[in-house]
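Now for the letters of each chain:
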Amino acid sequence: MTEKPPLLILAPIRGITDCHFRSLFQHHFPGFDSALAPFINPQRHSNFQPKHLKDLLPEENQELPVVPQLLHTDPDDFLHLSGRLRELGYTQVNWNLGCPAHMVTKKKRGSGLLPHPDEIFAFLDQVMPRLPVKLSIKTRLGLENKEELLHLLPRLDNYPLEEIIIHGRLGKQMYRGETDRETFGLCLEQSHHPIVYNGDINSVQIFRELQTQFPGINKWMLGRGALADPFLPGEIKGLNTPNRVEQLQHFHDELYHCYQELLDGPAHLLGRMKQLWIYLSASFPPQHKTWKKIKKCHTEAQYQKVTETLFAAID
Ligand SMILES: Cc1cc2nc3c(=O)[nH]c(=O)nc-3n(C[C@H](O)[C@H](O)[C@H](O)COP(=O)(O)O)c2cc1C
């Protein structure tokens, strides 16, 4: 019997994994099977402006299947936007119950809703019977303590969810500390839904360890690990990429030119590229002090010179 190959999902990283990034990434570094888009959150708009949906336009998402993500807690807004997404051709939306940002959690959204199970179920009771698409959830172990999700999961079995993606941290941790594999394992025992593992898959070795620890899981979500090493999803799938440096540079240059066309001025352009370099600099030898050099660039000319030198040095 042959083993099923793992399914890999590109995690949403707001400010980086937009439709241009997703398409170019998949083109240069095949390995992901799908992506979850960063959340959209237009509250209280009955008519969503085109800018809210531009990341999800089908023509911009040809390379990699994508699932839109919503952060709403208002059932009518959620249903309205899901209807628009259905018109665009989407068959699934994802509800964000994991965002740890204080601005979000203080309004009882994202992971801020996890300590309030009754509000979660009231929302689902209103939304699910009228939802024109399938629903999945992306969540954390809790906001303040790891009992929160554990208590929610058995009750979530009553709803026909497509899957639940679990990032094994608490909201209050933001991105600090280790992912809590033990509690993730307990979550598996508490749910009949398909569960997707997420958090700190930063190397093939870590991935293999997790596969051994959780043999029942077949879907895995990778974010920062893939930004730091874009070859990681392909390596997990056993793909071999020759000319790695060339490939990385092509990807970088195409992304840069794409944003040069789209973004308004060097501050936005460099700001956007720097977001990626926070992670991508890990692909360069530590002695190159890559992030330090990129951070200091304030003009396009400086940036182009620094990046050319960096790529040439690892060639
Ligand atoms: C800058 C940044 C932006 C993020 N934006 C989103 C988002 O829009 N929606 C979401 O569900 N998760 C978001 N996340 C969380 C990631 O999708 C993922 O759950 C987290 O980084 C853990 O996975 P990783 O260790 O593979 O990166 C974001 C994370 C970071 C660091």
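Rules and cut-offs
Residues numbered from 1 in each chain as written. Predicted model: local features only at pLDDT ≥ 70, side-chain atom pairs only at ≥ 80, totals over all residues. Helix = DSSP H or I, 4+ residues; strand = E, 2+ residues; numbered from the N terminus. Expected span 1.5 Å × (residues − 1). Buried ≥ 20, exposed ≤ 12 C-beta atoms within 10 Å, placed from the backbone. Arc of directions from axis to C-beta. Contact = placed C-beta atoms within 7 Å. Domains from an automatic or database assignment. Nonpolar A, V, L, I, M, F, W, Y, C, P; charged D, E, K, R; others polar. Axes fitted to C-alpha atoms, helices over the stretch in contact; angles between N-to-C directions. Parallel < 35°, antiparallel > 145°, perpendicular 65-115°, else oblique. Left-handed = near helix turned anticlockwise from the far one by under 90°. Pairing = 2+ DSSP bridges. Near = placed C-beta within 6 Å. Core = buried A, V, L, I, M, F, W, Y, C linked by C-beta atoms within 7 Å.

### Some thoughts on the environment of Gln304
- Take Gln304: it is sitting in helix H14 (residues 300-314).
- Taking C-alpha positions, Gln304 is 54 Å from Asn158, a pair spaced 146 residues apart along the chain.

### Re H14
- For H14, built from 15 residues, the straight-helix expectation of 21 Å at 1.5 Å per residue is met to within 8% by its first-to-last C-alpha distance of 22 Å.
- Listing the buried residues of H14 in full gives Tyr303, Thr307 and Leu310. Projected down its long axis, H14 shows its buried positions confined to an angular sector of 60°, all on one face. Among the exposed residues of H14, those oriented more than 90 degrees off its buried face are Ala301, Glu308, Thr309 and Ala312.
- Against helix H11 (244-262), helix H12 (266-280) and helix H13 (290-295) lie the buried residues of H14.

### Topic: the domain arrangement of the chain
- Here the chain is described as being made up of domain 1 (7-236) and domain 2 (244-314).
- Relative to domain 2, the C-alpha centre of domain 1 lies at a distance of 28 Å.
- Counting residues at the interface gives 13 residues for domain 1, matched by 14 residues for domain 2.
- A total of 5 residues in the side of domain 1 that touches domain 2 trace back to one element, the largest contributor, which is helix H1 (residues 19-28).
- By residue class, the composition of the side of domain 1 that touches domain 2 is 8 nonpolar, 3 polar and 2 charged.

### What to know about the packing of helix H3 (residues 75-87) against helix H5 (residues 117-127)
- In the contact formed by H3 and H5, the axes pass within 9 Å of each other and the chain directions differ by 45°. Considering the angle they form, H3 stands oblique to H5. When you trace H3 past H5, the crossing you get is right-handed. Between H3 and H5, the contacting residues are Pro75, Phe78 and Leu79 on the first element and Phe123, Gln126 and Val127 on the second.
- Of the residues assigned to the contact of H3 with H5, the class counts are 5 nonpolar, 1 polar and no charged.

### Quick notes on the sheet that holds strand S7 (residues 195-198)
- An order of S1-S2-S3-S4-S5-S6-S7-S8 is seen for the 8 strands of this closed barrel, with the pairing classed as parallel. Going from strand to strand, the sheet's axes swing by 30° on average, the running direction of each strand aside.
- Strands in contact with helix H6 (residues 147-156) are strand S5 (134-142) and strand S6 (164-170); relative to S5, the strand with the most contacts, it is inclined by about 155°.
- Against the sheet, helix H7 (residues 181-189) engages S5, S6 and S7, with an angle of about 145° to S6.

### Side note on the site of the ligand
- Inspection of the region around the ligand gives 21 residues, with Ala11, Arg14, Pro38, Gly223 and Arg224 positioned closest.
- Counting only elements with at least two residues in the shell around the ligand, the list comes to strand S2 (34-40) and helix H9 (224-228).
- Partitioned by chemical class, the residues of the shell around the ligand number 8 nonpolar, 9 polar and 4 charged.

### Observations concerning the nonpolar core
- Residues Ile9, Leu70, Met221 and Leu222 are the most contacted members of the largest nonpolar core, which totals 67 residues.
- For this core, the domains that each give at least three residues are domain 1 (7-236) and domain 2 (244-314).
- Those residues in contact with Leu70, other than ones at most four positions away along the chain, are Phe39, Ile40, Phe78, Leu81, Val93, Trp95 and Asn96.

### Quick word on unusual backbone geometry
- Positive phi outside glycine occurs at Asp200, with the angle close to 60°.
- Tracing the backbone through its elements, the reader meets Asp200 in the loop between S7 and helix H8 (204-213).
- Its identity as a non-glycine residue notwithstanding, Asn243 has a phi of 50°, on the positive side.
- For Asn243, the location among the structural elements is in the loop between helix H10 (232-236) and H11.

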